[in-house]
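What follows is each chain in one-letter form.
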Amino acid sequence: MRCPRHASRSTSNGMNQETIKWSALEYEEKNRSIDWYWAVGIIALAIAIVAVIYQNYLFAILTVISAFTLLLYAARQPREVQFELSRRGVRVNSVLYPYATLKSFWIHHHDGDRRGKLIVQSEKTLMPYVTIPLPDTPDADTINDFLSLYLPEEEHPESLSEILMERLGF
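Residues numbered from 1 in each chain as written. Predicted model: local features only at pLDDT ≥ 70, side-chain atom pairs only at ≥ 80, totals over all residues. Heavy atoms only, no water.

### Quick notes on the sheet that holds strand β6 (residues 102-108)
Rule in force here: DSSP bridges decide pairing: two strands pair if at least two such bridges lie between them. Segments assigned H or I by DSSP are reported as helices when at least four residues long, segments assigned E as strands when at least two residues long, and all are numbered from the N terminus. Between N-to-C directions, angles span 0 to 180 degrees; the directions come from axes that are lines fitted to C-alpha atoms, helices contributing only their stretch in contact. Should any heavy atoms of two residues lie within 4.5 Å, those residues are considered in contact.
Strand order in the open sheet formed by three strands is β6-β7-β8, with antiparallel pairing between adjacent strands. One side of each edge strand has no neighbouring strand; the edge strands of this open sheet are β6 and β8 (129-133). Taking the axes of each pair of neighbouring strands and ignoring which way they run, one obtains an average angle of 20 degrees across the sheet. Pairing of β6 with strand β7 (residues 117-122) involves six bridges; the strand directions are antiparallel. By the bridge assignment for β7, L102 is matched with S122. Packing against the sheet, helix α3 (residues 140-148) makes contact with β6 and β7, and its axis sits at approximately 165 degrees to β6.

Pasting the structure below:
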């Protein structure tokens, strides 16, 4: 997550409609050395060789495909994602999560210079949490006050996959 490119809050008094919008990169861009790519390739190859030795060919193929996908994903530039909070729900790019399908929210603050995250719990089984990077402005208190009108605030820990992806630089 890099600094958001745009953050705004607009109010239309005629309809009593309020929206909070901002954008941010989908993940913090990190410069990876050629050694990082070599390390991923060597580790994946070693795991695939061990899988072949144990005659687990499917795992060997899966390991090679996974490593190739990871390397492709690491080489691309992060995309800018648009976020919006409105009376209808939480929007991430073109996907709207209506409040009726959401259970609760939590604003997780990071230590140091890293930005906080908005974690929204969904009723979906396969995607129980939606994690959204927070902007500088509007501040977390404004977002908290706005979402408190529609959802209860409950503490949600960061998922293990989120922590792992951050450590890998995504």
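### Concerning the packing of aromatic side chains
Operational definition: Any two of the Phe, Tyr and Trp rings considered here, Trp counted by its six-membered ring, make a pair once their centres fall within 6.5 Å; the pair's planes then place it as stacked at under 30 degrees, edge-to-face at over 60, or tilted in between. Each residue is placed in one exposure class: buried if its accessible area under a 1.4 Å probe, protein chains only, is under 20% of its type's maximum, exposed if it is over 50%, and partly exposed if it falls in between. Ring-over charges, as used throughout, are those where CZ of Arg or NZ of Lys falls within 6 Å of the ring centre and within 35 degrees of the ring normal.
If you walk through the whole model with that rule in mind, you get four aromatic pairs. Plain terms: the ring middles of W36 and Y37 are 5.2 Å apart, the flat faces sit at 85 degrees to each other, and that makes the pair edge-to-face. Looking at W36, the relative accessible area reads 22%, which means it is partly exposed. Classification of Y37 by relative accessible area gives partly exposed; the value is 23%. Ring geometry for Y99 and Y150: centres 4.5 Å apart, planes at 0 degrees, overall stacked. Of the two residues, Y99 sits in the loop between β5 (95-98) and β6 while Y150 sits in the loop between α3 and α4 (160-168), which places them 51 residues apart along the sequence. Following the ring pairs from residue to residue traces out a cluster consisting of Y99, F146 and Y150. One cation-aromatic arrangement involves R32 over W36; the distance from NZ or CZ to the ring centre is 5.0 Å.

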